[in-house]
Structure formats: structure tokens, C-alpha cells
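What follows is the residue order along each chain.
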Amino acid sequence: MTTTLIIGAGGVGRVVAHKCVMNKDVFGRIVLASRSIGRCETIKDELNGAIDITTVDADKTEEVIKLINETNASIVINVALPYQDLTIMDACIATKTPYLDTANYEHPDEAKFEYKLQWERDTKFKEAGIMGLLGSGFDPGATNVFCAYAQKHYFDEIHTIDILDCNAGDHGYAFATNFNPEINLREVSANGRYWENGEWIETKPLEIMQVWDYPEVGPKDSYLLYHEEMESLVQNIKGLKRIRFFMTFGQSYIKHMEVLQNVGMLGIEPIEHQGQQIIPIEFLKTLLPDPASLGARTKGKTNIGIVAEGIKDGKPRKIYIYQVKDHEECYAEVKSQGVSYTTGVPAMIGAKLMLQGIWSGQGVFNMEQMDPDAFMDEMNTQGLPWQVKEL
Ligand code: NDP
């Protein structure tokens, strides 16, 4: 019998659990494990007891190995934090269990993310005869699949890609983040970076801005950030000359972030406070609203997509593939806001295709290395219908 082990019971873990239950014929027994049991209990109650729950400290490989063995897991869906990617991957290697995550490994002490340490495990995944699927969220995730789909059906060669991520949701707070505040603020406050003609070009944080008119949302200020899917896409999309990533932020978000940065609240180094060591950004996380609690109050839409430009049959072509999701619709379906929803559904789809053997392989893979068609079909039926426009 199939057993699906989900690690991490945050905003994304909740959506994955709900969606796996909706696809129970494929996922079989569903076990949700997290650092603390409280959120697991809430999710189990929402699902009328349809899942089993337990605790695990996924920073400890031995604990994850024990849990995989006890549950006889057929797959591990890692939706804890990026800090746990390597320990969970190592446990999957030791137990020969397929692995999937939604975010690139980061070390808690260094705000830098890259695939190096995860790609280095490719040989061990091959030796164990298992598949590891990296970045099966929306971005990374669906955006990589959009690129592969554009490559397969629309272009002979893609020359430029812009990934455009808009969250026009309003939660009514002066300042809150839509997913883990620590991960989110580290990403946004870091230097920007894009890739052009074989080189990475670095920018100051939020230095480059363009206004993009997002269908069903309208024009929004969109800022250039570094984002992890670019690292694999520059390797896997042949003929690419430039790739950039833009995300929308409102003026209020940027103002708050600048102030927090100026006063040192985004620091990741421990400081002494009244005889105790505290890490400023962790303390800030305690003060900010829990992203999982934003669902009930968020209104508006997300629109995430890619614009690709290149050549088809000797003629220039430009297309836009995008997905629009309404926050309130997400909450009505799975008690979660749109950012967790648009991450959790692709995680479930990636795992479903792996369990069905539709996506298979031995080693560690990024999403665009898989055939995109089955994933795109699943998006249409699992709550993330997409559009293609010729520009
Ligand atoms: P949350 O902070 O809401 O949830 C993280 C969960 O992981 C919490 O339940 C937490 O437990 C648990 N956890 C943390 N450390 C451990 C540990 N050592 N052992 C076991 N469990 C642990 O985060 P989100 O749900 O918002 O995000 C989940 C992941 O999704 C992150 O990696 C994030 O970067 C990624 N993401 C990816 C996106 C994409 O499009 N690709 C977009 C958005 C997010 P506790 O409740 O005890 O704190």
C-alpha cells in the first residue's frame, strides 16, 4: 500500500495535506509530520481525521530515517523549511525513498541559496535508484514547467524569459509576509541578480523596477530579484540569452522592509539582548502575523507566469503563459491563502506524477527536465488553470 509522508505543517503543508486527501486513490495513507504537533492536529481536524499525524525534528537525519522506516513511506514531500532539505534528502538516500521539495536549500546562518549541495547528491540518488524532484512549488515549480512547455510546443529556440510573479492579495495588515517571514525577507532584502549572455549580473536590492499589466489584476510595480529557478533554467533551456525574475511589492511593504532593514531587524547574526542571545529576524517572525493565519482575511488575486521570446520556424515569437488564482477561492477550498495554495498544489501534482510513474528517473531533477504535458494537464484539473497568450 502507498504511504505518503508530508514533512512540515505550515501554510504549504496544509494545502498539500488537503490536496493529497482529495487524490487519495494515488496517495494512499497520508502521514503529516512536523516539528510541533499543534498545527498537525488542526489540519487533521479540518480533514475529519483522514490523515495520520506525528512529530519529527527534520534537522536530524536519524529522526527522519526512523520515521520513514516506521511509516514505510513510498515518497517524502518536504514542505518544511529550506534548512531541512539536505537532512531529509540524506534520509531518503539511506532508506531508498523518492523525495520532493519546493524550495532550494539554504543554510540558516548564510542568506544564500543555490542548488550546488542538492545537485551534488545526484550520484547518491542514482546509486539508491530513486528520484529526487527539486522545486515543485509555483516558482520554482510551475514556472519551470511553463518554460519547458513553451520550449516543447511554441519555440525552436527561446532567447529571453521573464518570470513575473504578482500577488495582489490584501490581508488588511500594515505589514505581513505571505509565506515564512524569515525566508521571504531574506529573499527580498538580498541583492538582485539576473543572467545575460552567459553571466550573472548583480543589482542592489530592488534596484530595477518595471510596471507589468497583469491580466485580471492590472498594472503593478514589479521588482527584479534573484530567484532560484533561474539557476537550473539557464542550464536546461538551450539557446537562452537572458533570464530575469520580477515580483510585485506594494509601497507599504517596501517602506516597512526598508525600515526594518535600517534598524537591523532583518539581521541573521545572534545579538545579545538583556543577557540573552537573539537573532533579530527570528524575533521579527514571532511579532509578525503567522502566514497560515492570513487565509481568512486575504482578498484579491495572484497572477504568476512567464514571458518567453524566441524563434519558431524562422520567425520571431513572444508568448505569455500565466495562472491567475483568487485568494478567497483558495480559502473556501482548503482554508488557505493563495500563496500557500499555488505552492502546495504543484507539490501535490509533482508527487502524484512520481507515484504514478508518469515522471520517473534516477537522480536529482529540476522540473523543466521532465515532460511538461502531464503536469500542465493536472494543473487544469487540480485548481490551477492556466492561459497562453501570443504577444
Ligand atoms: P511555514 O513557516 O508556514 O511552515 C513550515 C513548517 O515546517 C512549520 O510547520 C514548521 O514547524 C515546520 N518545520 C520547521 N522546522 C522543522 C524541523 N526542523 N522539523 C520538522 N518540521 C519543521 O512555511 P510555509 O508553509 O510558508 O513554506 C513551506 C516551504 O515552502 C518553505 O520551504 C518555503 O520556502 C516553500 N515555498 C515555496 C514556494 C514556491 O513557489 N516554490 C512559495 C512559498 C513557499 P512549526 O509549526 O513547529 O514551526
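Reading the values: the criteria
All chains use their own residue numbering, which begins from 1 and follows the written sequence. At least 70 in pLDDT is required for a residue's local features to be given in this predicted model, at least 80 for side-chain atom pairs to be given and counted, and no such filter applies to totals for whole chains, interfaces and linings, which use all residues. Side-chain numbers come from the whole structure's heavy atoms, not from hydrogens or water. Going along the chain from the N terminus, every DSSP run of H or I of four or more residues is numbered as a helix, and every run of E of two or more is numbered as a strand. Radius of gyration: C-alpha atoms only; globule rule: 2.2 Å multiplied by the number of residues to the exponent 0.38. Categorising residues by exposure relies on relative accessible area from a 1.4 Å probe, with only protein chains included: less than 20% of the type maximum marks a residue as buried, more than 50% marks it as exposed, and the intermediate range marks it as partly exposed. Accessible surface area values rest on a Shrake-Rupley calculation with a 1.4 Å probe, where residue burial reflects the displayed protein chains alone. The term salt bridge refers to a side-chain nitrogen of Lys or Arg lying within 4 Å of a carboxyl oxygen of Asp or Glu. Under this scheme, a helix contributes an axis fitted over its contacting stretch, all axes are lines through C-alpha atoms, and angles between N-to-C directions fall in the 0 to 180 degree range. Convention used here: angles under 35 degrees read as roughly parallel, angles over 145 as roughly antiparallel, angles from 65 to 115 as roughly perpendicular, and any remaining angle as oblique. In this scheme, a crossing is called left-handed if the near helix is turned counterclockwise away from the far one by less than a right angle; it is called right-handed if the turn is clockwise. Throughout, a contact is declared for two residues whenever any of their heavy atoms are within 4.5 Å. All residues other than Ala, Val, Leu, Ile, Met, Phe, Trp, Tyr, Cys, Pro, Asp, Glu, Lys and Arg, Gly among them, are scored as polar; the first ten of these are nonpolar and the last four charged. Joining through side-chain atoms within 4.5 Å is the link that ties buried Ala, Val, Leu, Ile, Met, Phe, Trp, Tyr and Cys residues into a set, and such a set is a nonpolar core. Centre distance within 6.5 Å is the pairing criterion for rings of Phe, Tyr and Trp, where only the six-membered ring of Trp is used; planes under 30 degrees apart are then read as stacked, over 60 as edge-to-face, and the remainder as tilted. Two strands form a pair only when DSSP identifies at least two bridges running between them. Nearness is defined per residue: one heavy atom within 4 Å of the molecule or strand is enough. In protein, a polar contact means a hydrogen-donor-capable atom and an acceptor-capable atom, both N or O and within 3.5 Å, with residues adjacent in sequence counting only if both atoms are side-chain atoms; elsewhere, any N or O pair within 3.5 Å suffices.

Turning our eyes to something else, we now look at the overall build of the chain. The helix and strand inventory of the chain stands at 15 helices and 20 strands. Relative to its length of 391 residues, the chain is compact, with a C-alpha radius of gyration of 20 Å against a globular reference of 21 Å. Counting only C-alpha atoms and orienting by the principal axes, one finds that the chain spans roughly 55 × 55 × 40 Å. For the chain, the proportion of its 391 residues judged to be buried stands at 57%. For the chain, the computed accessible surface area is about 16,100 Å², with 47% contributed by carbon and sulfur atoms.

Summed over the entire model, instances satisfying the criterion amount to 18 salt bridges. A salt bridge links Arg39 to Asp290, with the nearest nitrogen and oxygen atoms 2.8 Å apart. One end of the pair, Arg39, is in helix H3 (residues 37-46); the other, Asp290, is in the loop between helix H12 (280-287) and strand E17 (301-312), with 251 residues separating them in the sequence. Residue class for Arg39 comes out partly exposed when judged on its relative accessible area of 39%. Residue Lys301 is joined to Glu216 by a salt bridge in which the shortest nitrogen-to-oxygen separation is 3.5 Å. Of this pair, Lys301 sits in strand E17 while Glu216 sits in the loop between strand E12 (209-214) and strand E13 (218-224), and the two are 85 residues apart along the sequence. The exposure class assigned to Glu216 is exposed, which follows from its relative accessible area of 54%. One continuous salt-bridge network, built from bridges that share partners, spans Lys152, Asp371 and Asp373.

Quick look at the packing of helix H8 (residues 142-153) against helix H15 (residues 372-381) now. Axis separation between H8 and H15 bottoms out at 9 Å; the angle between their running directions is 120 degrees. Between H8 and H15, the crossing angle belongs to the class labelled oblique. Note that H8 runs across H15; the crossing there is left-handed. Contacts between H8 and H15 involve Ala142, Val145, Phe146, Ala148, Tyr149, Lys152 and His153 from the former and Pro372, Asp373, Phe375, Met376 and Met379 from the latter. Residue composition of the contact of H8 with H15, grouped by class: nine nonpolar, one polar and two charged.

The next point concerns the nonpolar core. Among the nonpolar cores identified, the biggest contains 86 residues, and Ile161 and Met379 are the most heavily contacted of them. Counting residues per element, this core draws most heavily on helix H14 (residues 338-355), at eight residues. In contact with Met379, not counting residues within four places along its chain, are Phe138, Ala142, Phe146, Gln323, Ile349, Leu384, Pro385 and Trp386. By size, the runner-up hydrophobic cluster in this structure holds 26 residues, among which are Leu5, Val56, Met89 and Tyr105.

What follows concerns the packing of aromatic side chains. Geometrically, a pair of aromatic rings is defined through the distance of the ring centres and the angle of the planes. Within the structure shown, the criterion is met by twelve aromatic pairs. Relative to Phe125, the ring of Tyr99 has its centre 6.4 Å away and its plane inclined at 70 degrees; by these criteria the two rings are edge-to-face. Here the residue Tyr99 occupies a position in strand E5 (residues 99-101), and Phe125 occupies one in helix H7 (residues 122-128), the gap between them amounting to 26 residues. What makes Tyr99 buried here is its relative accessible area of 0%. Between Phe175 and Tyr253, the aromatic rings sit 5.2 Å apart at their centres with planes inclined by 40 degrees, giving tilted as the arrangement. Remark: Tyr253 occurs in helix H11 (residues 251-262) and Phe175 occurs in the loop between strand E9 (157-167) and helix H9 (181-189); sequence separation between them is 78 residues. Each member of the pair Phe175 and Tyr253 is classed as buried.

By the bridge criterion, ten bridges tie E9 to E17 in an arrangement that is antiparallel. Residue pairing across strands places Ile163 opposite Ile306, the latter belonging to E17. Summarising the sheet, E17 and strand E18 (residues 315-326) pair through twelve bridges and their orientation is antiparallel. Its bridge partner lying in E18, Gly305 is registered against Tyr322. The antiparallel pairing of E17 with E18 creates a hairpin that spans two residues between the two strands, and Asp313 there sits at a positive phi of about 50 degrees.

A separate point is the sheet that holds strand E2 (residues 29-34). Overall, parallel pairing links the seven strands, which are arranged E3-E2-E1-E4-E5-E8-E19 in an open sheet. The outermost strands of the open sheet, each flanked by one partner alone, are strand E3 (52-55) and strand E19 (363-366). Across the sheet, the mean angle from the axis of one strand to that of its neighbour is 20 degrees, orientation sign disregarded. Here five bridges tie strand E1 (residues 3-7) to E2, and the two strands are oriented parallel to one another. Across the sheet, residue Ile6 finds its bridge partner in E2, namely Leu32. Those strands touched by H14 are E1, strand E4 (75-78), E5 and strand E8 (131-134), and its axis lies near 165 degrees from that of E5.

Our focus in this paragraph is the site of the ligand. The local shell around the ligand holds 28 residues, among which Arg35, Ser36, Ala58, Thr102 and Asn180 are the closest. Asp59 places a side-chain nitrogen or oxygen 3.2 Å from a nitrogen atom of the ligand. For the ligand, an oxygen atom lies 3.0 Å from a polar atom in the backbone of Ala80. Summarising the interface, the protein chains cover 93% of the accessible area of the ligand, which totals 930 Å² for the free molecule.

In short, the description is geometric, and any link to function would need to be established separately.
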